Amino acid sequence: MISAKDISKAADLLLSGELVAFPTETVYGLGALATDDKAVARIYAAKGRPTFNPLISHVPDVEAAFALGEFSGDALKLAARFWPGPLTLVVPRWSTCTVSLLASAGLSSLAIRVPQHPIALELLRVVGKPVVAPSANPSGRISPTTAQHVRDGLGNKVSMILDGGPCAVGVESTVVSFLEGKATLLRPGGLPRETIEDALGFRLLDADTGVMHSPGQMESHYAPHAAMRLNAETAMTDEAYLGFGNFDGAHNLSPSGDVVEAAANLFRMLHELDATKPERIAVAPIPMGGLGEAINDRLKRAAAPR
Ligand code: TXA
Ligand code: MG
């Protein structure tokens, strides 16, 4: 259990420029004080992350978000409807915004999110300033959905890890950009595209086909050490199998074929299978609807040539 004392210690560490890993409803974040250039730089160093990849600023409520960037009518609508929750909005930064320019990787926009996790929200309230947090894994590797994943991947590089148990959603937030009057899906994630489009009353543009491009969407990403084979109906002899639906085995993303359950299990099961050091991980076909889009996106990147 996390106590008020743990939260206050974590907040002090953040305020003094140290890195603290904390749970969110999507994945564990590697937090640093967003207004501290040196602390932000430490994140890139700890993850081994290319510096052109910008970070998400986390705040405890919409008011704090509105202080950082300019929300248009549609961005406002999504913020009011879905925050706290697994949604990140990219908006123009106010010229007065105090978030490190390094966190924006030199862009004039800022990615902002209010996470839906009691420990994250309490930590953000106590810190009282925005906290940037990428997923708490070495760059390009599988995202962490438990505190143990963080310890295994970055253990000696963080000052403190707040253990909030496994993450409920299990894939990163959906990233939607509102720049130049266009609503663009930059990254499918924990909030399904359909849910966002229903709220807006129109379709989101696609990053691949549209004008926008998310700097973080590198082809190879979320990669286990083993090679990956997708849409595999069965496993070959040198493969570990990650099933979905009707499959009798230790690693089934969702025996009932539920994509929400599959998202919650995805990164943990990839970690577990990878730890058995197979030649390859073969993954069952996953349907595209709802969170299936985010799951297929992560699998495609995990399988991409490295
Ligand atoms: O669920 C999540 O979003 C987790 C938890 C910890 O909150 N965080 C996370 O952060 O996934 P990260 O750094 O792994 O992914 C941030 C994504 C990247 O794809 C990045 O390119 C995009 O957000 N992004 C950040 N700032 C941006 C900006 N100004 N313009 C466009 N894309 C941006
Ligand atoms: Mg990440």
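Above: the structure in question.
Residues numbered from 1 in each chain as written. Chains lettered and ligands numbered in written order. Predicted model: local features only at pLDDT ≥ 70, side-chain atom pairs only at ≥ 80, totals over all residues. Heavy atoms only, no water.

Asks: What's the story with the overall build of the chain in this structure? I'm lost.
Replies: Helix and strand counts for the chain stand at 9 helices and 13 strands. Relative to its length of 306 residues, the chain is compact, with a C-alpha radius of gyration of 19 Å against a globular reference of 19 Å. Taking the principal axes of the C-alpha coordinates as reference, the chain spans close to 60 × 45 × 35 Å. Taking all 306 residues of the chain together, the buried fraction comes to 57%. Surface accessibility of the chain: about 12,800 Å² in total, with carbon and sulfur atoms responsible for 54%. When the 27 basic and 32 acidic side-chain charges of the chain are each reduced to a single mean position, those positions are 5 Å apart. (Helix = DSSP H or I, 4+ residues; strand = E, 2+ residues; numbered from the N terminus. Rg over C-alpha atoms; globule rule 2.2 N^0.38 Å. Buried < 20%, exposed > 50% of the residue type's maximum accessible area, 1.4 Å probe, protein only. Areas by Shrake-Rupley, 256 points an atom, 1.4 Å probe, with all protein chains shown as cover. Lys, Arg positive; Asp, Glu negative; His and termini not counted. Charge placed at Lys NZ, Arg CZ, Asp CG, Glu CD.)

Asks: Would you mind showing me how to read helix 9 (residues 292–303) here?
Replies: Structural remark: α-helix, 3.6 residues per turn; residues separated by three or four positions point the same way. With 12 residues, helix 9 extends 16 Å between its outermost C-alpha atoms, agreeing within 8% with the 16 Å of an ideal straight helix rising 1.5 Å per residue. The element helix 9 is largely enclosed, with a buried count of 10 among its 12 residues. Structurally, helix 9 contributes buried residues whose contacts are with strand 9 (182–187), helix 7 (193–200), strand 11 (227–229), helix 8 (259–275) and strand 13 (280–283). (Expected span 1.5 Å × (residues − 1). Contact = heavy atoms within 4.5 Å.)

Asks: Explain the packing of aromatic side chains here, please?
Replies: Aromatic ring pairs are defined here through the distance separating the ring centres and the angle between the ring planes. In total, this model carries 4 aromatic pairs according to the counting rule given. Each ring, one from F71 and one from W83, has its centre 5.9 Å from the other, and the planes form 75 degrees; the classification is edge-to-face. One end of the pair, F71, is in the loop between helix 3 (62–66) and helix 4 (73–82); the other, W83, is in the loop between helix 4 and strand 4 (87–92), with 12 residues separating them in the sequence. For F71, a relative accessible area of 11% gives the class buried. Assessed through its relative accessible area of 8%, W83 is described here as buried. Measuring from ring centre to ring centre gives 5.8 Å for Y222 and F267, while their planes differ by 15 degrees; the resulting arrangement is stacked. A residue pair is termed long-range when its members are at least 10 positions apart, and Y222 in the loop between strand 10 (205–206) and strand 11 and F267 in helix 8 qualify at 45 residues. An aromatic cluster is built from F66, F71 and W83, whose rings are joined through pairwise contacts. (Phe/Tyr/Trp six-rings, centres within 6.5 Å; stacked < 30°, edge-to-face > 60°.)

Asks: Would you mind going over the side chain of E172 with me for this structure?
Replies: Structurally, E172 can be placed in the loop between strand 7 (160–161) and strand 8 (174–179). Residue class for E172 comes out buried when judged on its relative accessible area of 5%. When neighbours within four sequence positions are excluded, E172 is seen to be in contact with T26, V27, S135, S143, R187, G189, G190, Y222, F267 and R298.

Asks: Whenever I open this one, the nonpolar core confuses me. Can you help?
Replies: Considering soluble globular proteins, one finds that nonpolar side chains tend to be buried as a cluster. Membership of the largest hydrophobic core comes to 48 residues, with the highest contact counts inside it found for F71, L78, W83, L87, L89 and I112. In terms of residues, this core owes the most to one element, helix 2 (residues 37–47), which gives 5 residues. The contacts of I112, once residues within four sequence positions are left out, are I56, S57, V59, A65, L68, G69, F71, W83, L87, T88, L89 and V91. Listed in part, the 31 residues of the second largest apolar core include I142, V171, L266 and I295. (Core = buried A, V, L, I, M, F, W, Y, C linked by side-chain atoms within 4.5 Å.)

Asks: Is there a simple way to explain the environment of S72 in this structure?
Replies: Take S72: it is sitting in the loop between helix 3 and helix 4. Assessed through its relative accessible area of 35%, S72 is described here as partly exposed.

Asks: I tried to follow the pattern of salt bridges on my own but got confused; where do I start?
Replies: A side chain with one charge can pair with a side chain of the opposite charge if their charged atoms come near. Here the structure, examined in full by the defined rule, presents 14 salt bridges. R298 serves as the salt-bridge partner of E172, at 3.0 Å between the closest nitrogen and oxygen. Of the two residues, E172 sits in the loop between strand 7 and strand 8 while R298 sits in helix 9, which places them 126 residues apart along the sequence. Here the two residues E172 and R298 agree in accessibility, since each one is buried. Taking the shortest distance from any N to any O, the salt bridge between E197 and R193 comes out at 3.5 Å. Separated by 4 residues within a single helix, E197 and R193 lie in helix 7, roughly one turn from each other. The class of E197 is buried, set by a relative accessible area of 10%. The class for R193 is buried, based on a relative accessible area of 11%. Each member of the salt-bridge network shares a partner with another, and the members are R193, E197, R203, D206 and E293. (Salt bridge = Lys/Arg side-chain N within 4 Å of Asp/Glu carboxyl O.)

Asks: Which parts of the structure should I look at to understand the sheet that holds strand 2 (residues 29–33)?
Replies: Note on sheets: strands pair through backbone hydrogen bonds, and any given pair is parallel or antiparallel. An order of 7-1-2-6-3-5-4-8-9-10 is seen for the 10 strands of this open sheet, with the pairing classed as mixed. Because the sheet does not close on itself, it has two edges, and the strands there are strand 7 and strand 10. Inspection of the sheet shows strand 4 paired to strand 8 by 4 bridges, in the parallel sense. If you follow V90 over to strand 8, its bridge partner there is S177. Across the face of the sheet, helix 2 comes into contact with strand 2 and strand 6 (131–132) while running at roughly 150 degrees to strand 2. (Pairing = 2+ DSSP bridges. Axes fitted to C-alpha atoms, helices over the stretch in contact; angles between N-to-C directions.)

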